[in-house]
Amino acid sequence: MSNIIIYHNPACGTSRNTLEMIRNSGHEPTIIHYLETPPSRDELVKLITDMGIAVRALLRQNVEPYEQMGLSDDRFTDEQLIEFMLQHPILINRPIVVTPRGTRLCRPSERVLDILPDPQQGEFIKEDGEKVVDSTGKWLD
């Protein structure tokens, strides 16, 4: 069983790149397709707390419910924003990765490299052609 979890959306390029960087480190993570299996309230609150980010920082802004619900207004409490994310999981920004070294919203996908327990095992090139890791496994930050 893996000690890495990714909250993943296979339709998202950033999420796919993050998943492949985890695999390039020699790990097969537990994959949670969060649109199909959203986190519980307690899980979502723990993820936000563990990431050390504001609730609003996890909101995905470029999706239909965000505009329809007027979420750009600062009138909503953190509890209300969490409730909206639970009702509409598409509002949860992704990918979120949990490892023994921390929990991180991996946007951009290279942010996962900071929390992976093992280094990259070889070259990694993102789907868009950007080279992120060289052939020796060194991050090209």
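Below is a short write-up of the structure. (Residues numbered from 1 in each chain as written. Predicted model: local features only at pLDDT ≥ 70, side-chain atom pairs only at ≥ 80, totals over all residues. Heavy atoms only, no water.)

1. Description of the nonpolar core
Argument step 1. Ranked by internal contacts, the top residues of the largest apolar core, which has 22 residues, are L44, L58, L71, M85, L91 and I96.
Argument step 2. Those elements that place two or more of their residues in this core are α2 (41-51) and α4 (78-87).
Argument step 3. Beyond its immediate chain neighbours, meaning those up to four positions away, L91 contacts L58, L59, R60, V63, P65, Y66, M69, L71, F84 and M85.
Argument step 4. Counting residues in each nonpolar core, the second largest holds 14 residues, with I6, L19, C106 and V132 among its members. (Core = buried A, V, L, I, M, F, W, Y, C linked by side-chain atoms within 4.5 Å. Buried < 20%, exposed > 50% of the residue type's maximum accessible area, 1.4 Å probe, protein only. Helix = DSSP H or I, 4+ residues; strand = E, 2+ residues; numbered from the N terminus. Contact = heavy atoms within 4.5 Å.)

2. Side note on the pairing of strand β3 (residues 96-99)
Argument step 1. Across three bridges, strand β1 (residues 5-8) lies against β3 in antiparallel orientation. The residue of β3 that forms the bridge with Y7 is I96.
Argument step 2. The pairing of β3 with strand β4 (residues 102-105) spans four bridges and is classified as antiparallel. Looking at the pairing, V98 lines up with T103 of β4.
Argument step 3. What sits between β3 and β4 in their antiparallel hairpin is a turn of two residues. (Pairing = 2+ DSSP bridges.)

3. Some remarks on the environment of R75
Argument step 1. Turning to its location among the elements, R75 is positioned in the loop between α3 (64-68) and α4.
Argument step 2. Sequence separation between R75 and Q121 is 46 residues; the distance between their C-alpha atoms is 47 Å.
Argument step 3. Sequence-distant contacts of R75, that is, excluding residues within four places in its chain, are made with M69 and Q80.
Argument step 4. A distance of 2.7 Å separates the side chain of R75 from the side chain of D73, its partner in a polar contact. (Polar contact = N/O pair within 3.5 Å; in protein donor to acceptor, adjacent residues only side chain to side chain.)

4. Re the pattern of salt bridges
Argument step 1. The tally for this structure, following the rule as stated, stands at twelve salt bridges.
Argument step 2. Put simply, E127 and R16 hold a salt bridge, and the shortest N to O gap is 2.6 Å. Here E127 is found in the loop between β5 (124-125) and β6 (131-133), whereas its partner R16 is found in helix α1 (residues 13-24), with 111 residues between them in sequence.
Argument step 3. Given the relative accessible area of 29%, R16 is considered partly exposed.
Argument step 4. One salt bridge in this structure joins D73 and R75, with 2.7 Å as the shortest N-O distance.
Argument step 5. When its relative accessible area of 33% is taken as the criterion, D73 is described as partly exposed. (Salt bridge = Lys/Arg side-chain N within 4 Å of Asp/Glu carboxyl O.)

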